[in-house]
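Understanding the architecture of this molecule
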Amino acid sequence: MLGANHPETLIACSEIANLTGSAGDYSSARDQLVELLPTLRKVLGASHPETLIAESNFAHWVRRSSDGSPQ
């Protein structure tokens with residue numbers, strides 16, 4: 001069993017957040033990623049591709065949650 005801070009667990013959580021936003025819950029996706037990003041940066045590093053993807057997704061869901069526009 002993988003722990004909460006295992007890289008594969010963190011990547012899965014990032015993917016779940018993105019799927020949440022894709023399903024239309026932009027605010028929840030944003031909130032999930034804002035909680036997850038510090039741990040991704042600590043465990044994987046700020047320049048790791050998965051961290052950068054999560055940061056990009058975070059920016060995307062922040063924009064969607066603030067303007068309510070469709071993807």
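Below is a summary of the structure that appears in this document. (Residues numbered from 1 in each chain as written. Predicted model: local features only at pLDDT ≥ 70, side-chain atom pairs only at ≥ 80, totals over all residues. Heavy atoms only, no water.)

**Topic: the pattern of salt bridges**
In the structure shown here, the tally under the stated rule is 2 salt bridges. The partner of Asp31 in a salt bridge is Arg30, with the nearest N and O atoms 3.0 Å apart. Since its relative accessible area comes to 35%, Asp31 is described here as partly exposed. Classification of Arg30 by relative accessible area gives partly exposed; the value is 24%. (Salt bridge = Lys/Arg side-chain N within 4 Å of Asp/Glu carboxyl O. Buried < 20%, exposed > 50% of the residue type's maximum accessible area, 1.4 Å probe, protein only.)

**Things to note about the packing of helix H2 (residues 26–43) against helix H3 (residues 49–67)**
Here H2 crosses H3 at 150 degrees, and the two axes come no closer than 9 Å. Between H2 and H3, the interaxial angle falls into the category roughly antiparallel. For the pair H2 and H3, the crossing hand works out as left-handed. Contacts from Tyr26, Ser27, Ala29, Arg30, Leu33, Val34, Leu37, Leu40 and Arg41 of H2 reach H3 at Thr51, Ala54, Glu55, Asn57, Phe58, Trp61, Val62, Arg64 and Ser65. The residue inventory of the contact of H2 with H3, partitioned by class, reads 10 nonpolar, 4 polar and 4 charged. (Axes fitted to C-alpha atoms, helices over the stretch in contact; angles between N-to-C directions. Helix = DSSP H or I, 4+ residues; strand = E, 2+ residues; numbered from the N terminus. Parallel < 35°, antiparallel > 145°, perpendicular 65-115°, else oblique. Left-handed = near helix turned anticlockwise from the far one by under 90°. Contact = heavy atoms within 4.5 Å. Nonpolar A, V, L, I, M, F, W, Y, C, P; charged D, E, K, R; others polar.)

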